[in-house]
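So the chains spell out like this:
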Amino acid sequence: MSAPFLYRAWVLASRCLIPFAASAEARKLNAQDVPAARAEEKRGIATQPRPSGGPLVWVHAASVGESLSVLALITRMGHMLPDAHFLITSGTATSARLVDQRLPPRSLHQFAPLDAPGPLKRFLTHWQPDAAIFVESEIWPQMLRRTHATGAPMALVNARMSDKTVEFWEKWPRTARYLFDVFTLIVTQNDAMARNMIRMHAPADRVSPGVNLKSMAGPLPVDAQALAAARTALGGRAVWVASSTHEGEERSVLDAHKKLLREIPDLCLILAPRHPERGDAVEALVQDAGLTVQRRSRGDAPGGQVYLADTLGELGLWYSLSDVVFLGGSLLPIGGHNPFEVAQSGAAVLSGNHVAAFAETYAQLEAEGAARIVADGDDLAARVAALLTKPDELATMTAAAARFIAAQDDQLDAIASRLITTLKLDIP
């Protein structure tokens, strides 16, 4: 199949833009304390040697959620392929830090090369992957076609495209076929996305509906020493968590907490904003609400009426301190956030009704009795109060969450086995 005009135009544009893009990426990573040598990985310059002694499987994901969602899959594939090595690539500093903390055995992380001829040539020449797995919506044209040209079998897993993306590729059938033809297998998050992939001109006989890998990612890491210290500091106080909150939501959460304090005077709210750099603004909101506040980024131990958890990579710790978790990004039309991480911690999930990004998941969790949708701050206060004061109701929800997560394990085995067979990794 010859390269369509849209693809050739992108290749030309990338040749012209690569110096500017590389400089911009280096500045961005430098601002987040990424060493200069590692920033060069964006230009395809490796900072680690290629592992030897077995097949190398390249797994590419965009950012934090996508990267973490495939770690359990890589671990399972690693158990089935004891000689294999795994190269995980992603694009952001945060994803790099979190992946490094949770790397499966025989795995390493690099920043993904920019989608331009030079970086991709250097990257593929050094790593020479035996197979490649792309995650969710990582449709970089040259990355796909140049990897395909090496002969490495390729798969797209956990496929998820926005409505705008689907509409775009529908209008460019020749280019869409040229890109999606590289995949031997496309596993989507659900039936609806499988139909959308076919609408986008992906080969229908290679598209298969699956499940959301984020449901199988495993519990978030917890520092046992930090957990013990936090429990000591709280001294047995009742706790609830509001995590991944966005600007415009904290005021409703704080109003709910003030109502709860009338019924449970020693209750502590652990408030973990989605973007920790908003810590100063969120602290000001807490003080304006007339509530006492302690702050993680200052080194304060958990305490106060509100504990502001304005750090990265510690959600597992906060989820371990309470069986009641409200997930933000949902009281406003933001789309919601990943409820699997909460369920995997064994906690009951509360959310606003703006959960378009996880609509199917919330429907399943609600049907199982593991999640509840709240309408507003007043409803949130009522739900939290009911769970904290009615142990039987809370136990029912947390047990439902545990059952839901346990049911995902067999599906992970099936996906791992299918990838190994389809990508011909089981052939010596």
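As the structure is a prediction and not an experimental result, all values here were calculated from the model.

A separate point is the overall build of the protein. Helix and strand content of the protein: 19 helices and 14 strands. Looking at the protein as a whole, 54% of its 428 residues qualify as buried. With 42 positive and 45 negative side-chain charges, the protein shows a spacing of 7 Å between the two charge centroids.

Further remarks concern the nonpolar core. By size, the foremost hydrophobic cluster in this structure holds 34 residues, and its most contacted members are Phe134, Ile139, Leu156, Phe183 and Met197. Among all residues touching phenylalanine 134, those that are not within four sequence positions of it are Trp58, His60, Met143, Leu144, Thr147, Met154, Ala155, Leu156, Val157 and Phe183.

A few words on the pairing of strand E3 (residues 107-111). A large share of E3 lies buried, amounting to five of its five residues. On E3, burial covers both faces: Ser107, His109 and Phe111 on one face and Leu108 and Gln110 on the other are all buried. Pairing between strand E2 (residues 85-90) and E3: five bridges, direction parallel. Of the residues in E3, the one forming a bridge with serine 90 is phenylalanine 111. One crossover worth recording links E2 to the parallel E3 by way of helix H5 (residues 93-101), and it is right-handed.

Turning our attention to the packing of helix H1 (residues 5-31) against helix H7 (residues 141-149). Axis separation between H1 and H7 bottoms out at 10 Å; the angle between their running directions is 105 degrees. Classed by the angle they form, the pair H1 and H7 counts as roughly perpendicular. Residues Tyr7, Trp10, Val11, Ser14 and Arg15 of H1 form the contact with H7, whose own contacting residues are Pro141, Gln142, Arg145 and Arg146. Considering only residue class, the contact of H1 with H7 consists of four nonpolar, two polar and three charged.

The rules behind the values
- Residues numbered from 1 in each chain as written.
- Predicted model: local features only at pLDDT ≥ 70, side-chain atom pairs only at ≥ 80, totals over all residues.
- Heavy atoms only, no water.
- Helix = DSSP H or I, 4+ residues; strand = E, 2+ residues; numbered from the N terminus.
- Buried < 20%, exposed > 50% of the residue type's maximum accessible area, 1.4 Å probe, protein only.
- Lys, Arg positive; Asp, Glu negative; His and termini not counted.
- Charge placed at Lys NZ, Arg CZ, Asp CG, Glu CD.
- Core = buried A, V, L, I, M, F, W, Y, C linked by side-chain atoms within 4.5 Å.
- Contact = heavy atoms within 4.5 Å.
- Pairing = 2+ DSSP bridges.
- Right-handed = clockwise from strand over helix to strand, strands pointing away.
- Axes fitted to C-alpha atoms, helices over the stretch in contact; angles between N-to-C directions.
- Parallel < 35°, antiparallel > 145°, perpendicular 65-115°, else oblique.
- Nonpolar A, V, L, I, M, F, W, Y, C, P; charged D, E, K, R; others polar.

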